[in-house]
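# Summary of the model geometry
As a plain string of letters, each chain reads:
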Amino acid sequence: MSVPENAPVRVGVLGGGRMGAGIAHAFLLAGSRVSVVERDAASADAAHDRIRDSIRRSVERDPSLDETEIGARLATGADITSFADSDLVIEAVPEDRDLKEQALARAEVAMPAHATLASNTSSISIDDLAAARLRPERFLGLHFFNPVPASALVEIVHGAATDAVTTESAGRWVAALGKTPIVVRDSPGFASSRLGVMLGLEAIRMLEEGVASAADIDAAMTLGYRHPMGPLRTTDVVGLDVRLGIAEELERTLGERFAPPNLLRRMVAEGKLGRKSGEGFYAWNEER
């Protein structure tokens, strides 16, 4: 498979969990060579299996795809120096400010000077993260949505230091994935998280207050407002822990209206994280 004109030739992904694996999968289908780096060999092996399973499902849906050829363009490991020839490196570690700072610092010293560095953050300020970068003009946010293969949107977050060429290149790369880019200025929660989290938090408060069941609250939005998925089911898909982290970040930057409900905190403490744990506002044992 030849690389499409607008796709980066070599992509590095730091973090091979659900989001990182989905991002790697998207670029592999677009024709890029992808290197995924994890914290250790066992985690890298798990990421490899996760991505290959995703590729296999894509081939089942579209038999014109060559599973062997796509898989040959995937490399996984724990050696950050594999980013040395990357055109684009995407940090995809959990939504924790310190963790992301550490990951970005590791990535940028391993990648070439011409490459673009992106964070898959859904709420942390790009300008804050850019303050410690070696080349802030080549740094921006690329906010992918979960599940990445099925999502049609990527939010490009343009920081104050991001140059226009970097943002324009990111838009072409997103289009090469068959997804729609939107460009937003760096601000708390950007566009998608700020709106989505507010709706999700209010739905959790309504459930906590006994206003209606989870299914009926979701039906109000899917049937009444034609949302493809209700806010509570969406929270399960995103992960209650992820949504809690975003809410805490938005509460810190935007105020009390984003304060996480006690129900959300309690469910996260109990390990009820949504689809990935098998239980959240819904039971997912047969859908994990």
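Residues numbered from 1 in each chain as written. Predicted model: local features only at pLDDT ≥ 70, side-chain atom pairs only at ≥ 80, totals over all residues. Heavy atoms only, no water.

Applying the stated rule across the entire model yields one aromatic pair. Considering the side-chain rings of Phe-27 and Phe-144, the 6.4 Å spacing of their centres and the 65° angle between planes classify their relative orientation as edge-to-face. Linking Phe-27 in helix 1 (residues 18–30) with Phe-144 in strand 6 (residues 139–144), this pair joins segments that are 117 residues apart in sequence. When the ring centre of Tyr-282 is taken as origin, the NZ or CZ atom of Arg-233, which lies over that ring, is 4.1 Å away. (Phe/Tyr/Trp six-rings, centres within 6.5 Å; stacked < 30°, edge-to-face > 60°. Helix = DSSP H or I, 4+ residues; strand = E, 2+ residues; numbered from the N terminus. Lys NZ or Arg CZ within 6 Å of the ring centre and 35° of its normal.)

This brings us to the pattern of salt bridges. Inspection of every chain in the model, using the stated rule, returns 18 salt bridges. Glu-249 is the partner of Arg-97 in a salt bridge, and the nearest nitrogen-oxygen pair spans 2.5 Å. Linking Arg-97 in helix 4 (residues 97–110) with Glu-249 in helix 10 (residues 240–254), this pair joins segments that are 152 residues apart in sequence. The class for Arg-97 is partly exposed, based on a relative accessible area of 24%. Overall, the relative accessible area of 11% leaves Glu-249 in the buried class. Put simply, Glu-248 and Arg-265 hold a salt bridge, and the shortest N to O gap is 2.8 Å. (Salt bridge = Lys/Arg side-chain N within 4 Å of Asp/Glu carboxyl O. Buried < 20%, exposed > 50% of the residue type's maximum accessible area, 1.4 Å probe, protein only.)

The next point concerns the pairing of strand 1 (residues 10–14). For a regular strand, the rule is simple: side chains alternate between the two faces of the sheet. Among the five residues that make up strand 1, four are buried, leaving the element largely enclosed by the rest of the structure. As judged from the five bridges shared by strand 1 and strand 2 (residues 33–37), these two strands associate in the parallel manner. Residue pairing in the sheet places Leu-14 in a bridge with Val-37 of strand 2. Crossover strand 1 to strand 2 through helix 1 is right-handed. Relative to strand 4 (residues 88–91), strand 1 runs parallel, the two being bridged by four bridges. (Pairing = 2+ DSSP bridges. Right-handed = clockwise from strand over helix to strand, strands pointing away.)

This paragraph deals with helix 11 (residues 262–269). Among all positions in helix 11, only Leu-263, Leu-264, Met-267 and Val-268 are buried. For helix 11, the angular spread of buried residues about the axis comes to 130°, placing them on one side. Residues of helix 11 that are exposed and point more than 90 degrees away from the buried face comprise Asn-262 and Ala-269. Buried residues along helix 11 sit against helix 7 (192–208) and helix 10. Directly beyond the C-terminal end of helix 11, a positive phi value near 80° is found at Gly-271. (Arc of directions from axis to C-beta. Contact = heavy atoms within 4.5 Å.)

This part covers the sheet that holds strand 1. Pairing in this open sheet of eight strands is mixed, and the strands run 3-2-1-4-5-6-7-8 from one edge to the other. Edge positions in the sheet fall to strand 3 (74–77) and strand 8 (180–185), since each of these pairs with one other strand and no more. Going across the sheet, the axis of each strand differs from the next one's by a mean of 25°, ignoring polarity. This element, helix 6 (residues 164–176), spans strand 4, strand 5 (116–119), strand 6, strand 7 (153–158) and strand 8 of the sheet and lies at about 175° to strand 7. (Axes fitted to C-alpha atoms, helices over the stretch in contact; angles between N-to-C directions.)

Here the focus is unusual backbone geometry. Cis peptide bonds are those with omega within 30 degrees of zero, and the linkage from Asn-146 to Pro-147 qualifies with 0°. Structurally, the position occupied by Pro-147 is in the loop between strand 6 and strand 7. Phi is positive for Phe-190, which is not a glycine, with a value near 55°. Structurally, the position occupied by Phe-190 is in the loop between strand 8 and helix 7. With relative accessibility at 5%, the residue Phe-190 sits in the buried group.

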